[in-house]
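Residues per chain, in single letters:
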Amino acid sequence: MAVRGKILIVEDEKNIANIIKFRLEEKDHTVDIALCADEALRLLSRKSFDIVLLDINLPGRSGLDVLQDVRNSSALLEIIMVTADTKIDDALKAIRGGAVDYVVKPIDFKVLFISIDKALGKIELKRQELAIQGLVESRAKFPNIVSESDAMKKIVVLLEKASACDLPVLILGETGTGKELIARTIHLKSSRSGSPYIPMNCSCFPDSLIESELFGHEKGAFTGADRTKYGYFEIANSGTIFMDEVADLSLQAQAKLLRVLESGEFMRVGGERVLKTYIRLVTATNKNLKEEVKEGRFRKDLYYRLNVVAITLPALRERVEDIRILAGYFMKILSQETGVKKVLSEKLLSSFEKYHWPGNVRELRNVVERILLLGEEDIEDLNQLHPGNADPEANPSYPLHLSLEELEKMHIERLLVSEKGNKRKVCRILKISEPTLYRKLKRYNI
């Protein structure tokens, strides 16, 4: 079992110190002993510790006398005071001086273990906050990209280049890797940042509506067109359009998109007037576009038009070193939003690093939010925490106690994972329309 905490016992009675040391080592802590305050300060100057068990009644300088010196030895150190007296004044002085807790002799080890776990949790929270603060400060240009992995450092370099130019950008990567975040960042850091940014998901619109959404339509252009509608290319003029799931466009829609990109001209559906647009297009897909071109599902000429600056986002399992910092970042911002505070334990963070994360960063955020709000931080198997993340073929059965709504939500989540987020395929499997699916996604907060 991994070492849990590095603890310094400051206790002048050697027999008592050895007993405490033995009990703590049974819990997989590493332990040192100092028999006086001066020895403790010397040890703290040479070694790092997580927790100091500091006896108040020490020979020479008391624990209260050196409390501040011990406190100043490390920003991440926590102090638990130990006293043979039950005087409330000394306890209050210790807490006000920076101790996280105090225990009374004779020591109740159940109480001590709880106090130590609380202190370690506080230290982990501090570590996460300091790491996040350091990353944000070191990424002043892109503060919303929280990462310390080499893979993401390369992405930041590409972002700087993409933001400085006006070329089309194609963002590739699995579902949940943060493609929309990257697209929005490019827009905000570009010369077009003062103009509109319009995100759209191409898989949301049936072929009969996509042309109207992109280019608008005139009143009376088709049944139900009771007014003139402005399309995205008109609304976003001088700004940026982000087209997610661009591979889901029909070949007909691809041809019309290519024409606009080549000429900058378009007409509303049912219109006769040629309109001009000056937009920057950022597109994204989780599909292999080269394979789509090879299979005849995506136009080769459009592929080369879109793929001028390509940014391929790594899956979360390919940037394991970012999992802890991202989990801490999500816990921090979600705590601020909800007013609920919780600490991600070392055990849970270790399980995060071993998990495959098929839903990538989006799934990590959802899991952290669920742990924060539902209190499931002790779970070891993340597939149990969120059944939709599990391999849909590995365990096709469902718990019998679930309601029909819970079963439907779980089934939709599993299908989205198995079909890699392709909502059209999910609709075909469920035999429902796309608007019906999107209503269910909104209803179940999927």
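Residues numbered from 1 in each chain as written. Predicted model: local features only at pLDDT ≥ 70, side-chain atom pairs only at ≥ 80, totals over all residues. Heavy atoms only, no water.

## Things to note about empty space enclosed by the protein
Condition: Only protein atoms enter the 1 Å grid, on which a cavity is a set of points fitting a 1.4 Å probe that cannot get out and a pocket is an open set with protein on both sides within 12 Å along at least 5 of 7 lines, lining residues being those with an atom within 4 Å of a point. Grid points are joined across faces, edges and corners, and a volume is the space filled by probe spheres set on the points. Secondary structure elements are taken from DSSP: a helix is a run of H or I of four residues or more, a strand is a run of E of two residues or more, and numbering for both begins at the N terminus. Under the grouping applied here, Gly and all other residues not named as nonpolar or charged are polar, the nonpolar ones being Ala, Val, Leu, Ile, Met, Phe, Trp, Tyr, Cys and Pro and the charged ones Asp, Glu, Lys and Arg.
Evaluation of the coordinates by the stated rule reveals 1 cavity of 30 Å³ or more. Approximately 50 Å³ is the volume found for the largest cavity. Contributing to the lining of the largest cavity are I9, V10, E11, I20, L53, L54, D55 and V82. By residue number, the principal contributor to the lining of the largest cavity is strand β3 (residues 51–55), which donates 3 residues. Residue composition of the lining of the largest cavity, grouped by class: 6 nonpolar, no polar and 2 charged.

## Some remarks on the packing of aromatic side chains
Short version of the rule: Each pair of aromatic rings taken from Phe, Tyr and Trp, with Trp reduced to its six-membered ring, is defined by centres within 6.5 Å and is described as stacked if the planes are under 30 degrees apart, edge-to-face if over 60, and tilted in the remaining cases. Lysine and arginine charges are scored as sitting over a ring when NZ or CZ, respectively, is within 6 Å of the ring centre and within 35 degrees of the ring normal.
Counted according to the given criterion, the structure contains 8 aromatic pairs. Taking 6.0 Å as the distance between ring centres and 40 degrees as the angle between the ring planes, the aromatic pair formed by F109 and F113 counts as tilted. One end of the pair, F109, and the other, F113, are both in helix α5 (residues 109–138), 4 residues apart, so they sit about a helical turn from each other. A connected cluster of aromatic rings, assembled from ring pairs, spans F215, F233 and F266. Across from the ring centre of F109, 4.6 Å away, lies the NZ or CZ of R23, which sits over that ring. The aromatic ring of Y278 is capped on one face by R192, whose charged end is 4.1 Å from the ring centroid.

## A closer look at the nonpolar core
As a reminder, the rule being used: Definition of nonpolar core: a set of buried residues of the types Ala, Val, Leu, Ile, Met, Phe, Trp, Tyr and Cys, connected through side-chain atoms within 4.5 Å. For every residue, the accessible area (1.4 Å probe, protein chains only) is compared with the maximum for its type, and the residue is labelled buried under 20%, exposed over 50%, or partly exposed between those bounds. The contact definition used throughout considers only heavy atoms, calling two residues in contact when any of these lie within 4.5 Å.
If you look at the biggest cluster of nonpolar residues, it comprises 30 residues, and the most contacted ones within it are M200, L214, F233, I241, M243 and L249. The set of elements that each furnish at least two residues to this core consists of β7 (197–201), α8 (207–215), α9 (232–235), β10 (240–244), α10 (251–263), α11 (289–294) and α12 (300–306). Per element, the largest residue contribution to this core is 4 residues, and it comes from α10. When near neighbours in sequence (up to four residues on either side) are disregarded, F233 contacts L214, F215, I241, L257, V260, F266, T277 and I279. Counting residues in each nonpolar core, the second largest holds 21 residues, with F330, L344, L349 and L364 among its members.

## Comments concerning the packing of helix α13 (residues 323–338) against helix α15 (residues 360–374)
Applied cut-off: In this analysis an axis means a line fitted to C-alpha atoms, helices contributing only their contacting stretch, and an angle means the value between N-to-C directions, from 0 to 180 degrees. Angle categories: roughly parallel below 35 degrees, roughly antiparallel above 145, roughly perpendicular from 65 to 115, and oblique for all the rest. It is the rotation of the near helix from the far one that decides the hand of a crossing: anticlockwise by less than a right angle makes it left-handed, clockwise makes it right-handed.
Where α13 meets α15, the axes come as close as 9 Å, and the angle between the chain directions of the two elements is 50 degrees. Relative to α15, α13 is oriented oblique. Note on packing geometry: the crossing formed by α13 with α15 is right-handed. Taken together, the residues of α15 that come into contact with α13 (itself represented by I323, L326, A327, F330, M331, L334, S335, E337 and T338) are V361, L364, R365, V368, E369, L372 and L373.

## Section: unusual backbone geometry
For the bond from K105 to P106, the omega torsion is -5 degrees, close enough to zero to count as cis. Among the secondary structure elements, P106 is positioned in the loop between β5 (101–104) and α5. Its identity is not glycine, yet W357 carries a phi of approximately 55 degrees, on the positive side. By secondary structure assignment, the location of W357 is in the loop between α14 (346–354) and α15. Looking at W357, the relative accessible area reads 0%, which means it is buried. At N360, a residue that is not glycine, the phi angle is positive and equals roughly 60 degrees. Topologically, N360 is positioned in helix α15.

## Thoughts on α15
As a reminder, the rule being used: A helix's residues, less one, multiplied by 1.5 Å, set its expected span.
Helix length check: α15, at 15 residues, gives a terminal C-alpha distance of 21 Å against a target of 21 Å (1.5 Å per residue), a fit within 8%. Every buried residue of α15 is listed here: N360, V361, E363, L364, V367, V368, I371 and L372. A positive backbone phi angle near 65 degrees is found at G375, which sits one or two residues after α15.

These figures capture arrangement, not role.
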